[in-house]
Amino acid sequence: MPEILLEGGSMIVERVELRVIQMPLKEPFETSFGREHQREAILVTVYADGLEGWGEVVASRDFGYSYETTETAWYVLRTFLIPAVLGREIPDVETVARIGERLRGHPMARAGLEAAFWDLFARQAGMPLARYLGGVRDRIPVGVSIGLQPGDAELLEKIRGYLEEGYRRIKVKIKPGRDVEMIAAIRRAFPEIPLMADANSAYTLEDADRLAALDEFGLMMIEQPLHWDDLYEHALLQARLRTPLCLDESIHSVRHARAALELGSCRIINIKPGRVGGLLEARRIHDLCHARGVPVWCGGMLETGIGRAANVALASLPGFTLPGDLSASDRYYHEDLIDPPFVLQPDGTLAVPTGPGLGVAVDRRRVDRVTVRMEAFRP
């Protein structure tokens, strides 16, 4: 197992910039908790040692997936996190993570700032972030996540199109009333494709029989069917299903991951750096699962190319054995914020960037065009 690289030359933080960006999606993305037409997020830029590092805060404008929003993350960053690092000598990324852990919450805000430091320290070392994290792959197998559609015909057409593009795995959103019959229609049309269903906490344990009916369709997994912070009832449900459960929203740290595995709450874990407070905690969860032979994969939060580059680097670690939600740039956006954009390769993979840090160039003109709020901080 490659060791994570935490040490590097200390750097003094000279300036931090926050931007709220708004980017129209190519098409609406609907889950059990709502529909998004536009992606709102926060970009963090940290300047130190003559370098700049970029991070993305994946909180959305509205509540739904998380209690965090762009407004709460902005407040936490400008009021607590940025003052704690501004003008300070930062010896390593672990120092930034420890500062964030004092909040006992707000993982998305913390992860965005931490990501910028990962970019900085990897750049300082002259290494791609993937290698700096201990990654071992130069290509990442990827799948695609499809939001709820008006009907089965529209959904099947979407699936057909993404398979033709070369995506290796299809994930569909489900909710009560759009589940068993819909999955049956997919299986009739595509009997052999790797297929998973994501419920985003739309069910209760009273729906166990309904969820058990999905066993006959050979799904890779059912993701987060029950309450967003539950472990116990997922363990009861997993005992009744042949299909592996995958936990997403319930896993907030390596401690939650360990508890879930001990309880039997799931057989697969989705790792999202924003949900767990940053790449460092994401790596800890990966290491735990890899040591126990539990497969993990990297989930997506409609990231721009900045956040996507960090996710791709994470997914190059050896324990990420399942295709992640790390689609090409043109899956969600007409024009990404990086150059070159992420492109789906003919073998259904994304190439891991090889340049220093994130390994992608941020196009500042594009960033400026989508920025709706900006603030700079100096010592």
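The structure presented is a predicted model; accordingly, all values stated were derived computationally and were not measured.

Thresholds applied
- Within each chain, residues carry numbers counting from 1 in the order of the written sequence.
- Whole-chain, interface and lining totals are the exception, using all residues; otherwise, since this is a predicted model, local features are given only for residues with pLDDT of at least 70 and side-chain atom pairs are given and counted only at 80 or more.
- Processing note: side-chain calculations cover all non-hydrogen atoms of the structure and skip hydrogens and water entirely.
- Numbering of helices and strands runs from the N terminus; a helix is a DSSP stretch of H or I covering at least four residues, while a strand is a stretch of E covering at least two.
- Throughout, the radius of gyration refers to the C-alpha atoms, and the reference size of a globule is 2.2 Å times the residue count to the power 0.38.
- Think of it in three bands: residues with accessible area under 20% of the maximum for their type are buried, residues over 50% are exposed, and the middle band is partly exposed, with areas taken using a 1.4 Å probe on protein chains only.
- Pairing between two strands is assigned when DSSP locates at least 2 bridges connecting them.
- Here, a salt bridge means any side-chain nitrogen of Lys or Arg that lies within 4 Å of a carboxyl oxygen of Asp or Glu.
- Orient the strands so they point away from the viewer, and a crossover whose first-strand-to-second-strand path over the helix runs clockwise is right-handed.
- Any two residues whose heavy atoms approach within 4.5 Å at even a single point are treated as in contact.
- Summarising the geometry, the arc corresponds to the directions from the helix axis toward the C-beta atoms.
- Residue types Ala, Val, Leu, Ile, Met, Phe, Trp, Tyr and Cys, when buried and joined through side-chain atoms within 4.5 Å, form a set referred to as a nonpolar core.

Engineer: Any chance you could break down the overall build of the chain for me, citing the residues and the numbers?
Structural biologist: Along its length, the chain carries 13 helices and 16 strands. Compactness check: the chain gives a C-alpha radius of gyration of 20 Å against a globular reference of 21 Å for 379 residues, within 12% of the reference. C-alpha atoms of the chain, sized along the principal axes, occupy 60 × 40 × 35 Å. Here the chain holds 379 residues, and 60% of them are scored as buried.

Engineer: Tell me about the sheet that holds strand E8 (residues 195-198), residues and numbers included.
Structural biologist: Reading across the sheet, the seven strands line up as E6-E7-E8-E9-E10-E11-E12 and stay open at both edges, with parallel pairing between neighbours. The open sheet has two edge strands with one neighbour each: strand E6 (144-146) and strand E12 (296-298). In this structure, E6 lies alongside strand E7 (residues 170-173), joined through three bridges in parallel fashion. Paired with Val-144 across the strands is Ile-170, a residue of E7.

Engineer: So what's going on with the pattern of salt bridges? Residues and values would help.
Structural biologist: Counted by the stated rule, this structure contains 28 salt bridges. For the salt bridge of Arg-78 with Glu-375, the shortest nitrogen-to-oxygen distance reads 2.6 Å. Of this pair, Arg-78 sits in helix H1 (residues 70-85) while Glu-375 sits in strand E16 (residues 371-377), and the two are 297 residues apart along the sequence. Overall, the relative accessible area of 34% leaves Arg-78 in the partly exposed class. A relative accessible area of 24% means that Glu-375 is categorised as partly exposed. Look at the salt bridges and you will find they share partners, linking Arg-169, Lys-171, Lys-173, Asp-198, Glu-223 and Asp-325 into a network.

Engineer: Which residues make up the pairing of E8, and what are the values?
Structural biologist: The two faces of E8 match: Leu-195 and Ala-197 on one face and Met-196 and Asp-198 on the other face are all buried. Pairing geometry for E7 and E8, over four bridges, is parallel. Bridge pairing links Lys-171 to Met-196 in E8. Between the parallel elements E7 and E8, the chain passes through helix H6 (residues 180-189) in a crossover that is right-handed.

Engineer: Can you lay out the environment of Gly-161 for me, pointing to particular residues and giving the numbers?
Structural biologist: Within the secondary structure, Gly-161 sits in helix H5 (residues 152-165). Along the sequence, Gly-161 and Pro-141 sit 20 residues apart, while their C-alpha atoms lie 18 Å from each other.

Engineer: Can you break down the environment of Glu-281 residue by residue, with the values?
Structural biologist: With respect to the element layout, Glu-281 can be found in helix H11 (residues 279-292). The contacts of Glu-281, once residues within four sequence positions are left out, are Ser-253, Val-254 and Val-276.

Engineer: If you had to explain helix H8 (residues 232-240) to someone new, which residues and values would you point to?
Structural biologist: By the burial criterion, the buried members of H8 are His-234, Ala-235, Leu-237 and Gln-238. Buried residues in H8, looked at end-on, bunch into an arc of 165°, giving them a common side. Looking at H8, the residues exposed on the side facing more than 90 degrees away from the buried face are Tyr-232 and Ala-239. Its buried side turned inward, H8 meets helix H7 (208-212), strand E10 (245-247) and helix H9 (254-263).

Engineer: Residues and numbers for unusual backbone geometry, please.
Structural biologist: The omega torsion across Asp-339 and Pro-340 is -5°, close enough to zero to call that bond cis. Looking at the element boundaries, Pro-340 is found in the loop between strand E13 (338-339) and strand E14 (349-351). The residue Asp-49 is not glycine, and still its phi comes out positive at about 55°. Mapped onto the elements, Asp-49 comes out in the loop between strand E2 (34-48) and strand E3 (51-57). For Asp-49, a relative accessible area of 42% gives the class partly exposed. Even without being a glycine, His-106 presents a positive backbone phi close to 55°. Summarising the element assignment, His-106 is placed in the loop between helix H2 (93-101) and helix H3 (107-125).

Engineer: Break down the nonpolar core for me, citing the residues and quoting the values.
Structural biologist: By size, the foremost hydrophobic cluster in this structure holds 127 residues, and its most contacted members are Val-44, Leu-77, Phe-117, Ile-183, Ile-186 and Ile-269. Sequence-distant contacts of Leu-77, defined by excluding residues within four places in its chain, comprise Leu-18, Ile-42, Val-44, Val-57, Ile-82, Pro-83, Ala-109 and Leu-113. Grouped together as the second largest cluster of nonpolar side chains are six residues, Met-196, Cys-246, Ile-268 and Trp-297 included.

Shape is all these values report; function is a separate question.
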